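Tertiary structure, described
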Amino acid sequence: MLQNDGTAPIAASFAGALLRPNEPVPQDITSHHGAGLIERYNVYRNNVTVSLINAVASIYPAVQRITGEDFFRAMARFYIRAHPPRSPLLFAYGREFPDFIEAYEYASSMPWLADVARIERAWLDAYHAADAAHLAPDMLSEIAPEGLGALRFRPHPATRILRSAYPAVTIFSMNHNGGEVSAVEDRPEDALVTRRDDEVMVTHLDSGAADFLQALIAGETLGTAAALGLEANPNLDLSRLIAVALDAGAFSSLDMETSHD
Amino acid sequence: MSNSMGMQNNLADRADAVRFPHYAVAGQAGTSFKPEHLPAILAASDRCGFFEVHAENYMGAGGPPHRALERIRQDYPVSIHGVCMSLGGPQPLDPDHLQRFKALVDRYEPAMISEHLAWSTHDDIFYNDLLPLPYNEATLTHVCDHVDQMQSVIGRRIFLENPSTYVAFTDTTMAEVDFIREIARRTGCGLLLDVNNVFVSAANHGFSALDYLKDFPLESVEQIHLAGHAEQEDGAGEKLLIDSHDRPVADAVWQLYEIVLSRRGPVPTLIEWDSELPDWPVLRAEARAAQAILDRHSDTGGLRDAAE
Ligand SMILES: [Fe+2]
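The structure displayed is predicted, hence computed values, not measured ones. Every chain is numbered independently, its residues counted from 1 as its sequence is written. All chains are assigned letters beginning with A, and all ligands numbers beginning with 1, in the order in which they are written. Selection of residues for local features in this predicted model requires a pLDDT of at least 70, selection of side-chain atom pairs for listing and counting requires 80 or more, and totals for whole chains, interfaces and linings are taken over all residues. Excluded from the side-chain calculation are hydrogens and water; included are all heavy atoms of the structure.

**Overview of the interface of chain B and chain A**
At the junction of the two partners, chain B supplies 49 residues and chain A supplies 44 residues. A combined buried area of about 4200 Å² lies between chain B and chain A, and 64% of that area is made up of carbon and sulfur atoms. The salt bridge criterion pairs a side-chain nitrogen of Lys or Arg with a carboxyl oxygen of Asp or Glu, the two atoms within 4 Å. At the surface where chain B touches chain A, the tally comes to 4 salt bridges. With its nearest N and O atoms 3.5 Å apart, the salt bridge here joins Arg67 of chain B to Asp198 of chain A. Any N or O atom pair separated by 3.5 Å or less is treated as a polar contact, with the protein-specific requirement of one donor-capable and one acceptor-capable atom, and with residues adjacent in sequence counted only for side-chain atom pairs. In this assembly, chain B and chain A are joined by 18 residue pairs in polar contact (both at pLDDT 80 or more). Only runs of H or I of at least four residues qualify as helices and only runs of E of at least two qualify as strands under DSSP, and these elements are numbered from the N terminus. Counting residues per element, the ones that place at least two in the side of chain B that touches chain A are helix H2 (64–75), helix H3 (95–108), strand E5 (119–122), strand E6 (125–131), helix H4 (137–154), strand E8 (168–169), helix H6 (195–205) and strand E12 (239–242) of chain B. The dominant element in the side of chain B that touches chain A, judged by the number of residues it contributes, is E6 of chain B, at 7 residues. Following the grouping adopted for this structure description, the nonpolar residues are Ala, Val, Leu, Ile, Met, Phe, Trp, Tyr, Cys and Pro, the charged ones are Asp, Glu, Lys and Arg, and the polar ones are all others, Gly among them. Partitioning the side of chain B that touches chain A into residue classes produces 23 nonpolar, 18 polar and 8 charged. Examined bridge by bridge, strand E1 (residues 29–30) of chain A and E8 of chain B share 2 bridges and lie antiparallel to one another. The residue of E8 of chain B that forms the bridge with Thr30 of chain A is Ala168 of chain B. We call two residues in contact whenever any of their non-hydrogen atoms come within 4.5 Å of each other. Two parts placed together each lose some accessible area under a 1.4 Å probe, and adding up what both lose gives the buried area. Following DSSP output, two strands are said to pair if at least two bridges run between them.

Below is the structure:
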């Protein structure tokens, strides 16, 4: 969608080499002394490359802490060239980074790293999500017990569930905000990501809890969600789990329009 | 609320239109607003003149960035500085981005709104840098179209900022000052004169900053930026200055600033500092230095409030 006034090729040739360090510099640039064009154009290349790597680093600080800065910046450099941003909103950038890590040969010894990145991406999405009220934890006590099974919940816009075949939640927690690092038991882990009082929270969930909460978030009734949770883990403590989720601000309201099923 | 272009916001349609107080910015010095400084700003006993934010950092749906900006806007006038509109590119402006910008302006009622004479998006790739353009009749036409479009969508007058550049173009047929003067004349936009950018570009392109300022349409200048720059060399061994915003304002830039104020009067002035961020007192001291110069020129020329 370029205006046909002859200026488009200038932007095209200038843009085309910014993320391609081995391409010649654009033909239509010059300088007052007619020299130094490579170094001058490289100021732009450097600004673009460094600022985009910095953007990835600011979205994925725990991944960077785990890999170390040099490893991270090398990986991010490949990433920004393969997946440059398609929007000026850089806090929304880097969505393909977890998949990129999964396929990145040098990271194959850390199979859990992509899931740590997925938790970080969800953390930032929760941080910027729309503002909404939180369902008060004592709301449920006002509902007659026979009505509970048909209740539906509206999730808060920040609420997300992440599931990992690896101990990604523990590894994330240890590396987020520069926490203590210790040995980690190899097991699958799930997380509930929420935002309450402008604080993003990552809550490690018991087995089966994610099945239950995912169903509630998807708009299933409490009864249906409970059955799914108990099927995944017969020992799931549902009332404690509901209290934890409400406390974390996972839901914004109850849907009082009752079910049709 | 109205402005010099006669565009009106429909206050009746907006229940939240008067949530924030009006503050004058005439003759004031301000700084970039960084959320990490918020506690120190609120705890300080003295006031800063105003704060400037990068528009795109506040285009998320909700959350802590909006709490911080609401808090600062309660006590201060703000300037919304767009860095991604790509006014200088050949492509049509992104309608979604225009609407996001408008929503931000409606929500926070900034005292000043600015964007750059530069581009940052080509095709659908966002390069996150202020990229340069050749100055000629064709580029002048589409920059003016873009400024017109942005002003009419957001319903406010914008201030267009002169760039720092590192290369020139063989297709350039106009001087930068003539190009900028013509944009202001055709679109009615104000100008944001970044004195550090003048100093950086003058060094990089071998012209005199004083000559540039002599030719610059100072009567359209509604805001000034001051910032620090870094120094390196191009491959020909010539000095190449980089607009880095990571250190104090250079002495030579302060001197140019004095010269501008002596001719234009005390225009609202911002200390830009975006990386290697210092503690608040350091940034505050830079703004205080600018305020002292503004105060010395308080009876120079017509004192004007850009928000009126
Ligand atoms: Fe500036």
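**Examining the coordination of the iron ion**
All names here are of chain B. A 2.8 Å cut-off from the metal defines N, O and S donors, relaxed to 3.2 Å for Na, K and Ca; water is not in the atom list, so some sites may appear incomplete. The protein atoms that coordinate the iron ion are Glu161 (OE), Asp194 (OD), His225 (ND1) and Glu272 (OE), at distances of 2.0 to 2.3 Å. Site shape is set this way: if four donors have all angles between 85 and 135 degrees, tetrahedral; if opposite donors are over 155 degrees apart and all others between 65 and 115, square planar for four donors and octahedral for six; otherwise irregular. Considering all 4 donor atoms around the iron ion, angles at the metal cover 85 to 169° and the coordination shape is irregular. Of note, the donors binding the iron ion are all from one chain and are spaced E-x32-D-x30-H-x46-E. Taken as a pair, Asp194 in strand E9 (residues 190–194) and His225 in strand E10 (residues 221–227) lie far apart in primary sequence, 31 residues in all. The pair Asp194 / His225 is uniform in exposure class, with both members buried. A 1.4 Å probe rolled over the protein chains alone gives each residue an accessible area, and that area as a share of the maximum for its type sets the label: buried under 20%, exposed over 50%, partly exposed in between.

**Thoughts on the nonpolar core**
In summary, soluble globular proteins display a tendency toward joint burial of nonpolar side chains. Here the nonpolar core consists of buried residues drawn from Ala, Val, Leu, Ile, Met, Phe, Trp, Tyr and Cys, with membership extended through side-chain atoms lying within 4.5 Å. Formed by 141 residues in total, the largest nonpolar core has its most connected members in Phe14 of chain A together with Phe101, Ile183, Leu193, Ile224 and Leu226 of chain B. Sorting elements by how many residues they give to this core places helix H2 (residues 37–59) of chain A first, with 10 residues. As used throughout, domain bounds are those supplied by an automatic or database domain assignment. Counting contributing residues, this core receives three or more from each of domain 1 (1–110) and domain 2 (122–261) of chain A. With sequence-adjacent residues up to four places away left out, Ile183 of chain B is seen in contact with Leu117, Leu140, Val143, Cys144, Val147, Leu160, Gly188 and Cys189 of chain B. Counting residues in hydrophobic clusters, the runner-up holds 27 residues, among them Leu205, Leu238, Ile242 and Ala248 of chain A.

**Quick word on the state of the cysteines**
Residue and element names in this part refer to chain B. By definition, disulfides here are pairs of cysteine sulfur atoms that lie within 2.5 Å. Using the criterion set out here, one finds 0 disulfides over all chains in the structure. Unpaired in terms of disulfides, Cys84 finds its nearest cysteine sulfur in Cys189, a separation of 19 Å. We note that Cys144 lacks a disulfide partner, and the nearest cysteine sulfur, in Cys189, lies 7.8 Å from it.

**Some details on the confidence of the model for chain B**
All names here are of chain B. The pLDDT value tells you how sure the predictor is about a given residue, anywhere from 0 up to 100. The predicted model of chain B has a mean per-residue pLDDT of 91, with 92% of residues at 70 or higher. In this model, residues 1–17 is a region of pLDDT below 50 whose contacts with residues beyond four sequence positions or in other chains number 30 contacts. Every residue in residues 303–308 is under pLDDT 50, and counting partners more than four places away or in other chains gives 21 contacts. Among the prediction metrics, the complex's ipTM stands at 0.91, with pTM recorded as 0.91.

**Side note on unusual backbone geometry**
A positive phi angle is found at Asp197 of chain A, which is not glycine, with a value near 50°. Summarising the element assignment, Asp197 of chain A is placed in the loop between strand E4 (189–196) and strand E5 (199–205). Classification of Asp197 of chain A by relative accessible area gives exposed; the value is 66%. The phi angle at Glu109 of chain B is positive, at roughly 45°, despite the residue not being glycine.

**What about helix H4 (residues 69–82) of chain A?**
Residues and elements named next belong to chain A. For H4, with 14 residues, the first-to-last C-alpha span of 20 Å sits near the 20 Å given by 1.5 Å per residue. Every buried residue belonging to H4 is among Phe72, Met75, Ala76, Tyr79 and Ile80, and all of these are buried. Within H4, the buried residues cover an arc of 135° as seen down the axis, which keeps them to one side. Here the buried face of H4 lies against H2, helix H3 (61–67) and helix H5 (97–103). Helices are assigned an expected span. That span is 1.5 Å times one less than the residue count. Of all possible arcs, the one meant is that of the directions from the helix axis to the C-beta atoms.

**Topic: the sheet that holds strand E4 (residues 112–116) of chain B**
All names here are of chain B. Spatially, the 8 strands close up into a barrel ordered E1-E2-E3-E4-E7-E9-E10-E13, and their pairing is parallel. Across this sheet, the average inter-strand angle for adjacent strands is 25°, counted without regard to direction. Where strand E1 (residues 29–32) meets strand E13 (residues 269–272), 3 bridges bridge the pair, whose relative direction is parallel. Counted as the bridge partner of Ala29 is Thr269 from E13. Against the sheet, helix H9 (residues 280–296) contacts E1, strand E2 (50–54), E10 and E13, and its axis sits at roughly 150° relative to E1. Simply put, an axis is a line fit to the C-alpha atoms, just over the touching stretch for a helix, and the angle between two N-to-C directions goes from 0 to 180 degrees.

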